[in-house]
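Inside the fold
Each chain is listed here by its residues.
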Amino acid sequence: MRFLPITLAISAAFAGSAQAQSLMSLYETARGYDAAYKAAQSQYTANLSKGDQAKALLLPTIGLSANVNKTEVELLAAAQTVTSQSKAATLSASQPLYRPANFATYQQGMRQLELASVQLKAAEQDLMVRLSQAYFDVLVSRESLDFVKAQKVAVAEQLAAAKRNFEVGTSTITDTREAQARYDLVLAQEIAADNDLRIKRLALNQLVGLNNIEPKSLSSKAKLSGPDAQSLEQWVRQSAEQNPSVIQSRAALEIAKLETSKAEAGHKPTLDLVAGYTPTRYKNGKGINTSQVDTNTNSVTLSFNMPLFAGFATQNRIKETVALEDKARSDLEAAERNVAQATRSAFFGLQSGLGQVNALQAAEASSQSALDANKLGYQVGVRINIDVLNSQSQLFQTKRDLAKARYDVLLGQLKLRQAAGTLTEADLASINALLNP
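Criteria and cut-off values
Residues numbered from 1 in each chain as written. Predicted model: local features only at pLDDT ≥ 70, side-chain atom pairs only at ≥ 80, totals over all residues. Heavy atoms only, no water. Salt bridge = Lys/Arg side-chain N within 4 Å of Asp/Glu carboxyl O. Helix = DSSP H or I, 4+ residues; strand = E, 2+ residues; numbered from the N terminus. Buried < 20%, exposed > 50% of the residue type's maximum accessible area, 1.4 Å probe, protein only. Axes fitted to C-alpha atoms, helices over the stretch in contact; angles between N-to-C directions. Parallel < 35°, antiparallel > 145°, perpendicular 65-115°, else oblique. Left-handed = near helix turned anticlockwise from the far one by under 90°. Contact = heavy atoms within 4.5 Å. Nonpolar A, V, L, I, M, F, W, Y, C, P; charged D, E, K, R; others polar. Phe/Tyr/Trp six-rings, centres within 6.5 Å; stacked < 30°, edge-to-face > 60°. Pairing = 2+ DSSP bridges.

1. Observations regarding the pattern of salt bridges
- Per the stated rule, a full pass over the model turns up 23 salt bridges.
- Note that Asp272 and Arg99 form a salt bridge whose closest N and O atoms lie 2.6 Å from each other. You can see Asp272 sitting in strand β5 (residues 270-282) and its partner Arg99 sitting in the loop between β3 (80-98) and α4 (100-168), a full 173 residues away along the chain.
- Residue Asp272 is classed as buried on the basis of its relative accessible area, which comes to 10%.
- When the shortest N-O distance is used, the salt bridge between Lys200 and Asp196 registers 2.8 Å. With Lys200 and Asp196 both in helix α5 (residues 173-208) and 4 residues apart, this pair spans about one turn of that helix.
- Among the residues examined, Asp196 registers a relative accessible area of 29% and is labelled partly exposed.
- Overlapping salt bridges bring together Glu259, Lys262, Arg317 and Glu320 as one network.

Put into structure tokens, the structure is as follows:
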């Protein structure tokens, strides 16, 4: 008892340093810290800029150039050197009128803008699932450690009872040795559970950039729900329309088709409107020749270009883009199949998880009744010590499995919505509401 104040002081110090935070608050923190999500945000900004670059191919270009020229002419017959200086500047503008390749590139840029939003949405959904996984991993490990500690207390009591009964001659040394062996085993399990909790805490800390996080556990009154009232095939159809992976693959196919259009444009003519203004000034208003005088030159030109032969480069480029288009089409089919499979797996996994929770809840009650019966039987001499120890192990194992199954159901809800492409912060908030306040 003299060590109790020290223990309480250490516990109070640890509790003061821990930060009890909800799932939603950690999600907001992770959005500003997680390297993978920040990389996705940077990629999103880059894709927006890349998409805007494509617009420039349809807009006019304007340029300004200037030069200064000094000319010396030696007249041999007159033994004289004539010097002339001129200054000129040219302001030119060019507007594409018909450039099929530029228009296809512009359309690709618009697809890139759509793709950027989808990729960022996928990164947000991935962060929600990764954070929830790390959050629930800590809770599962923490509750597992608590159950092992409770089991250690129960086994210690059984060990003490076996020793007392052996001393008074009502049991054999076998009961004591069995209880001691079970106690040593629980000590080893406690060390492993404590180490697992440390590792899971480190993973969560690394994800959000905080230390000593203490997640809020699931409320005992929380009611777990299954998939929404719709069939499996409805979930699959929804995933085919909204899953980010499918949308990205579909956009990649569109971009590949436009790349083929760009290649085919190598056989088509181009037409540009070019305008220019060039003022030329000479020293004293004249040059060496009488025709060299100050001038202002205005020009408007229609520039037409028709490619005739490029060494079969255009034909081979078309073959390349057609093959890449087929590849993008196959990638889209693979993405649709993988997403459909992932959606079905998440759907069945969630249903199975709910069934496991219900079964384990019944098993927990049965295990508790079995333990109570074995304890009573041991006291009256119709059960031996190993029966009580086995009942204790079964009860605490059931409790650990039940705790894990409950958190697996919550994670399964998020994964199903992620597979369907509908996962939002509102879904994360609904799960956060099930945690203890």
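2. Here we look at the packing of helix α2 (residues 23-31) against α4
- At their nearest, the axes of α2 and α4 sit 10 Å apart, and the two run at 130° to each other. With respect to their mutual orientation, α2 and α4 come out oblique. Every pair of crossing elements has a handedness; the one defined by α2 and α4 is right-handed. Of the residues in α4, those in contact with Leu23, Leu26, Tyr27, Ala30 and Arg31 of α2 are Glu124, Leu127, Met128, Leu131, Ser132, Tyr135 and Phe136.
- Of the residues belonging to the contact of α2 with α4, the class tally is 9 nonpolar, 1 polar and 2 charged.

3. A short note on the environment of Pro279
- The residue Pro279 is located in strand β5 in this model.
- Expressed as a C-alpha distance, the spacing of Pro279 and Val300, which sit 21 residues apart in the sequence, is 15 Å.
- Look past the residues within four positions of Pro279 in its chain and what remains in contact with it is Lys87, Ala88, Ala89, Thr295 and Asn296.

4. A closer look at the packing of aromatic side chains
- Taken as a whole and judged by the stated rule, the model has 5 aromatic pairs.
- With 6.0 Å between their ring centres and 80° between their planes, Tyr135 and Phe136 make a pair best called edge-to-face. Of the two residues, Tyr135 and Phe136, both sit in the buried class.
- Taken together, Tyr135, Phe136 and Tyr407 form an aromatic cluster joined through their ring pairs.

5. Some points on the pairing of β3
- Alignment of strand β2 (residues 61-75) against β3, held across 15 bridges, turns out to be antiparallel. Within β3, the position partnered with Glu72 by the bridge is Thr83.
- Hairpin remark: β2 followed by β3, antiparallel, with 4 residues in the connecting loop; positive phi at Ala79, about 50°.
- In this sheet, β5 lies alongside β3 in antiparallel orientation, the contact comprising 10 bridges. Of the residues in β5, the one forming a bridge with Leu91 is Tyr277.

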